[in-house]
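Structure at a glance
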Amino acid sequence: METKKFNSKDILMFVLYALFGIFMFFVPIKIGEANTIPIDHLTSFVKKAPNYNLIFGVFMVIAGIVYAIKTKSWEKSKLHMVFFALKLVALVFVFMYLTNKGPARIFDKDMLPLIWNGIMVSVTTIVPIGSVFLAFLTGFGLMEFIGVFMEPVMRPVFKTPGRSAVDAVASFVGSYSLALLITNRVYMEDTYTKKEAAIIATGFSTVSATFMIIVAKTLDLMDYWLAYFWITLIVTFLVTAITARIFPLNKKPQEYYSGKEYVPEEKKKVTFADALDAGMTAYKNADSLGKVIKDNFIDGFKMALNIAPSLLGVGMIGLLLAEYTPIFDIIGYIFYPFTLITKVEEPLMVAQALGMSIAEMLLPAPLVAEAGLGLITKMLVAIVSVSEILFFSASIPVMMGTEIPLKFSDYIIIWIERVILSIVISMPILYLVFR
């Protein structure tokens with residue numbers, strides 16, 4: 001293996017791009033009264049434009065529905081048809097927001113204004129902007145550099161090949177849709193087995209750091225951003241290591257997409273030179289900075305268009321179901337024994353809030369924020385909202401659009417397992433760190 005083909009300028013630019021990406025997402029700085037990461041400062045600045053929430057929010061929902069019609073998203077499956085209908089329902093809430101007509105309860109600050117301003121506009125603003133700066137983390141070799149060091153960990157811990165580390169990192173610093181595209185492509189190339197693809201899709205395809213910022217801001221946790229990010233990463237991957245070994249994932253077959261015979265990968269010693277070679281090769285093969293940023297922005301904007309009407313439609317329906325039906329109260333009783341034994345503050349209310357994460361991962365945060373609970377409880381909800389991975393407003397439909405062999409029942413069972421395990425694993429860590 002030779003690294004001499006990379007000159008000192010290449011290595012310097014590789015390092016500078018990586019450091020800039022790390023700075024934008026992981027180094028809090030104080031501007032005015034706000035002490036937060038640069039990407040958060042930037043999105044806050046953008047949102048100060050006159051009538052931004054109204055104009056941008058209406059545009060994104062309407063454009064998102066037009067985009068869904070153009071791409072014929074309902075044709076993929078019956079479930080996609082249901083979600084297209086839910087996107088159309090978002091038009092009702094756009095009408096209410098514009099005309100201020102509708103039931104008085106809809107306009108209380110914890111209903112439509114919360115979903116519109118606190119979730120839908122915030123997420124669809126930060127995703128495209130965040131995607132631009134994510135280019136420095138995902139587009140110039142840093143992922144591949146880190147992935148090489150993770151190779152000896154992946155097979156014994158997660159029962160997946162070494163290269164799946166790239167999928168894991170792509171999700172946490174990029175997006176679950178990007179990671180799922182990677183996973184699906186590699187699965188169809190017969191590099192992942194059915195079992196491995198299912199573990200990677202349901203275990204690593206988290207929402208990205210940009211979504212985590214929204215959760216942290218909603219729960220007033222930005223002062224603890226680094227602790228939140230790293231604890232969430234640790235908990236998510238610990239949960240994945242367990243779910244890979246239990247039903248239904250442990251029953252998935254070790255066979256390739258084409259049906260060819262499974263061949264385990266060879267073990268090899270990992271060195272810094274290997275990691276540098278992988279990172280620098282990816283850097284050299286990358287497109288120009290301008291093209292990578294442009295492509296990332298377009299991908300981020302498309303994702304924002306895809307999720308804007310879903311966030312409004314599914315989010316509002318979720319809140320209305322929580323307000324007027326017992327469905328999430330009933331689901332919450334699944335998790336109540338675990339919030340109780342781990343001594344979570346207001347264990348039943350928190351369990352029921354976490355039950356809403358199956359509809360949309362952002363829904364538990366505002367409910368718990370309104371309740372004025374303590375730091376550990378808010379941190380728990382913030383962590384579980386990410387580590388549960390599976391939710392109907394985005395990640396599950398994306399997974400259903402791939403060839404990865406997962407049934408509807410698999411999504412529900414794995415979601416329940418992940419929420420329970422996340423509670424049980426998170427609480428001891430949080431008591432240790434914050435008490």
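Definitions and cut-offs
Residues numbered from 1 in each chain as written. Predicted model: local features only at pLDDT ≥ 70, side-chain atom pairs only at ≥ 80, totals over all residues. Heavy atoms only, no water. Helix = DSSP H or I, 4+ residues; strand = E, 2+ residues; numbered from the N terminus. Rg over C-alpha atoms; globule rule 2.2 N^0.38 Å. Buried < 20%, exposed > 50% of the residue type's maximum accessible area, 1.4 Å probe, protein only. Contact = heavy atoms within 4.5 Å. Areas by Shrake-Rupley, 256 points an atom, 1.4 Å probe, with all protein chains shown as cover. Polar contact = N/O pair within 3.5 Å; in protein donor to acceptor, adjacent residues only side chain to side chain. Core = buried A, V, L, I, M, F, W, Y, C linked by side-chain atoms within 4.5 Å. Axes fitted to C-alpha atoms, helices over the stretch in contact; angles between N-to-C directions. Parallel < 35°, antiparallel > 145°, perpendicular 65-115°, else oblique. Left-handed = near helix turned anticlockwise from the far one by under 90°. Nonpolar A, V, L, I, M, F, W, Y, C, P; charged D, E, K, R; others polar. Phe/Tyr/Trp six-rings, centres within 6.5 Å; stacked < 30°, edge-to-face > 60°. Lys NZ or Arg CZ within 6 Å of the ring centre and 35° of its normal. Bend = angle between axes of the 7 residues up to and from the residue. Salt bridge = Lys/Arg side-chain N within 4 Å of Asp/Glu carboxyl O.

Some thoughts on the overall build of the protein chain
Summing up its helical and strand segments, the protein chain has 19 helices and 2 strands in all. Over its C-alpha trace the protein chain gives a radius of gyration of 21 Å, about what one expects of a compact globule, namely 22 Å for 435 residues. For the protein chain, the spread of C-alpha atoms along the three principal axes comes to 70 × 50 × 45 Å. Expressed as a percentage of the 435 residues in the protein chain, the buried residues total 54%. Long-range pairs, those at least 24 residues apart, make up 80% of the contacts in the protein chain with a sequence separation of at least 6. Surface exposure of the protein chain reaches about 18700 Å², of which carbon and sulfur atoms provide 64%.

Points about the side chain of Ser-205
Here Ser-205 shows up in the loop between helix H9 (194-204) and helix H10 (209-218). In terms of polar contacts, Ser-205 uses its side chain to reach the backbone carbonyl oxygen of Ala-201, at 2.9 Å.

Points about the nonpolar core
Counting 141 residues, the largest nonpolar core has Phe-25, Val-123, Trp-225, Tyr-228 and Leu-312 as the members making the most contacts within it. With 16 residues, the single largest contributor to this core is helix H5 (residues 112-138). Once residues lying within four places of it in the same chain are set aside, the contact partners of Phe-25 are Ile-37, Ile-39, Gly-130, Phe-133, Leu-134, Leu-137, Ala-209, Thr-210 and Trp-225.

Things to note about the packing of helix H14 (residues 327-341) against helix H15 (residues 347-355)
Running from N to C, H14 and H15 cross one another at 125°; their axes reach a closest spacing of 7 Å. Our classification of the angle between H14 and H15 gives oblique. At the point where H14 passes H15, the crossing takes the right-handed sense. Of H15, the residues touching H14 (which contributes Phe-328, Asp-329, Ile-331, Gly-332, Tyr-333, Phe-335, Tyr-336, Thr-339 and Leu-340) are Pro-347, Leu-348, Val-350, Ala-351, Gln-352 and Gly-355. Looking at the contact of H14 with H15, its residues break down into 10 nonpolar, 4 polar and 1 charged.

Let's talk about the packing of aromatic side chains
Counted according to the given criterion, the structure contains 31 aromatic pairs. Summarising the aromatic geometry, the rings of Phe-26 and Phe-229 are spaced 4.8 Å apart at their centres and angled 70° between planes, so their arrangement reads as edge-to-face. Placement of the pair is Phe-26 in helix H1 (residues 8-26) and Phe-229 in helix H11 (residues 225-243), with a sequence separation of 203 residues. On the basis of relative accessible area, Phe-26 is assigned to the buried category, the value being 14%. Ring geometry for Tyr-224 against Phe-434: centres 5.8 Å apart, planes inclined by 85°, an arrangement best described as edge-to-face. Placement of the pair is Tyr-224 in the loop between H10 and H11 and Phe-434 in helix H19 (residues 408-434), with a sequence separation of 210 residues. Taken together, the ring pairs connect Tyr-17, Phe-20, Phe-133, Phe-136, Phe-140 and Tyr-283 into an aromatic cluster. One cation-aromatic arrangement involves Lys-260 over Tyr-256; the distance from NZ or CZ to the ring centre is 5.3 Å.

What about the environment of Ile-413?
As for its position among the elements, Ile-413 is in helix H19. Placed 165 residues apart in sequence, Ile-413 and Pro-248 show a C-alpha to C-alpha distance of 7.6 Å. Setting aside residues up to four positions removed in sequence, Ile-413 forms contacts with Phe-247 and Pro-248.

Here we look at helix H6 (residues 142-158)
An α-helix turns once every 3.6 residues. As a result, residues three or four positions apart point the same way. For H6, the principal kink sits at Met-150 and spans about 55°; a proline, Pro-152, occurs within the next four residues. Buried within H6 are the following residues: Leu-142, Met-143, Phe-145, Gly-147, Val-148, Met-154 and Phe-158.

As for the pattern of salt bridges
Using the criterion set out here, one finds 10 salt bridges in the structure. Residues Arg-105 and Glu-323 are paired through a salt bridge, measuring 3.0 Å at the closest nitrogen-oxygen approach. In this pair, Arg-105 is assigned in the loop between helix H4 (78-99) and H5 and Glu-323 in helix H13 (residues 289-324), connecting sequence segments 218 residues apart. Two residues, Asp-295 and Lys-291, come together in a salt bridge whose shortest N-O distance is 2.8 Å. Here Lys-291 and Asp-295 lie together in helix H13, a separation of 4 residues that amounts to about one turn. In this structure Asp-295 comes out as partly exposed when scored by relative accessible area, which is 26%. Taken together, the salt bridges that share partners define one network made up of Arg-105, Asp-108, Asp-110 and Glu-323.

In short, geometric facts, not functional conclusions.
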